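Descriptive structure summary
Chain residues, written in single-letter form:
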Amino acid sequence: MLAGSALAGWLVFVKLVGAQREPKWDEVAHAMKGALIAYDLRELDWLGFLLDSYVQIYWPPVHSWLVGGAFLLAGQNLEAARAVSVIAYVLLAPTLFLVAYTIDRRRGILAGIVAAALVLASPGVITSAAESMLELPGLLAFGLTILAYCALAANPEARPRTHALLGAGVVLTYLAKSNYAIVLIIGIILAKLAAADFRPRGLATRKNLYAALPLFLFCIVWFAYPPRIVWTWRMLFNTPWGGEAARGLSGLWFYPRAIADLSGSWWMSALLWGGLAGAWRSRHRPGIAFLALLALTMLLIGTFHHTKIDRHILPVFPSLFVLTGVAAGELWGWLRSRENIRAVAIGFLGAIVLVHTATLYRGGWKTWEPREASALLDYLSGLTRANAPVLVIGARDARPSPPLIDWHLTSVAGLQPVTAASYVYSFHNLESFVEAIGRAPLPDHLQAAAHRSFDRYYDPSMARSLHLTGSFADDQALFETYFRETLERTSPGLVIAVLANPDTTGFEGYLSPGLARAGYREVSARPFPSLGSEVHLYRRP
């Protein structure tokens, strides 16, 4: 099984990772976060490392730590960033094998093999495994926490303090993919309530106290700065996404369709849910009810949440894979006592495997075909070399995306230090933290180091960026504050704006007045029709 996982990971890396010419927006944004962490580690800037990790709220820091480590080992390239997901994919299969084996020791090897095979053959998991995204590290942390729960449930004689492993798993999952941890917390509470006959007092045990202790200590540290509570709330209930597909009946059916798509087909999805129903008959076994509650909780939350993105439903799969493996073990035990039925069943299951293998290549593999942006990026590189220092502004709806611009200038062309890349800086959050540190009773050298972490952005460099994304795209006054300060402190010889055509950011009423007040005038504009973008250049007379 381990050899099969390694082979599957190698195939994903060779066939998919190398085949994608350009990354998605989120992929390269995560890679840029990893590049900043790698910079902190390379410079042994531990306070910078802590601050750069602490400001990561919407995207928690474990993935950037892993990517930063990969960059230090293998160089700053997209293949190294994507390898983090491939390794998590390889490790997820044996993790779920152990979960299934823990639940059903009698037929655990068969159950585990089925669960691991479903991981390795799932189109949705395979697609995510080839991308530098949070999903696979998050699923691995999710799976390890499931393993801790099932192992503890199967061993009621375990010492109470051993249950701290469950809380530690939730903390790890939170730092890898926060919303996955929320699902785990809900599932754990529901499962423990059910075990206590829904009497809240039944939760007051030493085992549960030890399980909650790591999460309690983590919250004290993670939310020590009170505004983070509001920011986290906004992260969990973020801006609606998904258009018409997120509303009405389409919204209610969005994630059932996504599960079918990510699993390969509707019948494969039905097989997974049938596995849950089949395993439910053995719910007296430790972990079965917990896994079923996790899957149903994830589907319920996704159905009524206003954000609809297919990959957000991925946490439903580990539970379904394990439960299907357990149900397969039960089915095999039933068939062993019925010789005539067994031959027919084996033939039927073999046909299912063949059909599923065929349908994997029909529509389940979601590869992303980006529009070529190399001509525009090369143009930016040439402008930077000839006119340094420059300030580059990218718009949220332009191509190439702002994080891809930063990645090119930083990691490909080597013209911009990662500390001068707008996309890795949470300007307002970081400045708020630094100001809070300045008010705290801390030694002067720590306060000076904190201010230094923020001021790195303004260090002399050939290029720096300030993009119209995130809060900047929604708050003109906030953008103009940092835009004005950037122009005053760095005095770029050339300002480059990459905008969509037609422009939806209100460029004329948004950027042009600020540039005019600073003494900059537009000198040229070059269209890139294949990308639907234009590059505008501004200079001082």
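Focus: unusual backbone geometry
Across the junction of Ala 388 and Pro 389, the peptide omega takes the value 5°, indicating a cis bond. Structurally, Pro 389 is set in the loop between α18 (374–387) and β1 (390–394). With phi around 55°, Leu 44 is a residue other than glycine that occupies positive phi space. By the element assignment, Leu 44 lies in the loop between α2 (25–42) and α3 (46–54).

Some remarks on the pairing of β1
Extensive coverage of β1 is indicated by the burial of five of its five residues. In β1, alternate side chains face the same way, and those of Val 390, Val 392 and Gly 394 on one face and Leu 391 and Ile 393 on the other are all buried. Pairing analysis gives three bridges linking β1 to strand β2 (residues 463–465), with the strands arranged parallel. Across the sheet, Leu 391 pairs through a bridge with Arg 464, a residue of β2. With five bridges connecting them, β1 and strand β3 (residues 494–500) associate as parallel partners. Bridge pairing in β3 links Val 392 to Ile 496.

Points about the packing of helix α8 (residues 135–154) against helix α10 (residues 178–195)
Contact geometry for α8 and α10: axes closest at 10 Å, N-to-C directions at 20°. In terms of their interaxial angle, α8 and α10 are classed as roughly parallel. Where α8 crosses over α10, the two elements pack in a sense that is right-handed. Side by side, α8 and α10 meet where Glu 135, Gly 138, Leu 139, Phe 142, Thr 145, Ile 146 and Tyr 149 of the first sit next to Tyr 180, Leu 184, Ile 188, Ala 191 and Lys 192 of the second. Its residues placed into classes, the contact of α8 with α10 shows eight nonpolar, two polar and two charged.

Observations regarding α2
Taking 1.5 Å of rise per residue, the 18 residues of α2 would be expected to cover 26 Å, and the 26 Å separating its terminal C-alpha atoms lies within 8% of that figure. Extensive coverage of α2 is indicated by the burial of 14 of its 18 residues. At the exit of α2 stands Leu 44, carrying a positive phi of roughly 55°.

Section: the sheet that holds β3
What the five strands build is an open sheet, ordered β2-β1-β3-β5-β4; its pairing is mixed. Where the open sheet ends on each side, the last strands, each with one partner, are β2 and β4 (521–528). For this sheet, the mean angle separating the axes of adjacent strands, direction not counted, is 20°. As paired elements, β4 and strand β5 (residues 533–539) share seven bridges and run antiparallel to each other. Pairing of Glu 522 across the sheet is with Tyr 538, part of β5. Against the sheet, α18 touches β1, β2, β3, β4 and β5, its axis set at about 10° to β5. In this fold helix α23 (residues 476–490) packs onto β1, β2 and β3, with an angle of close to 165° to the strand it touches most, β1.

Points about a nonpolar patch on the surface
A cluster of nonpolar residues, Leu 249, Leu 252, Trp 253, Trp 266, Leu 300 and Phe 304, forms a patch on the protein surface that exposes about 750 Å² of accessible area. Among the elements that make up the nonpolar patch, the one with the highest residue count is helix α13 (residues 248–263) (three residues). If you trace the backbone, Trp 253 turns up in helix α13.

Calculation criteria
Residues numbered from 1 in each chain as written. Predicted model: local features only at pLDDT ≥ 70, side-chain atom pairs only at ≥ 80, totals over all residues. Heavy atoms only, no water. Helix = DSSP H or I, 4+ residues; strand = E, 2+ residues; numbered from the N terminus. Buried < 20%, exposed > 50% of the residue type's maximum accessible area, 1.4 Å probe, protein only. Pairing = 2+ DSSP bridges. Axes fitted to C-alpha atoms, helices over the stretch in contact; angles between N-to-C directions. Parallel < 35°, antiparallel > 145°, perpendicular 65-115°, else oblique. Left-handed = near helix turned anticlockwise from the far one by under 90°. Contact = heavy atoms within 4.5 Å. Nonpolar A, V, L, I, M, F, W, Y, C, P; charged D, E, K, R; others polar. Expected span 1.5 Å × (residues − 1). Patch = residues over 30% accessible without salt bridge, like charges linked within 9 Å, V, L, I, M, F, W, Y side chains within 5 Å. Areas by Shrake-Rupley, 256 points an atom, 1.4 Å probe, with all protein chains shown as cover. Salt bridge = Lys/Arg side-chain N within 4 Å of Asp/Glu carboxyl O.

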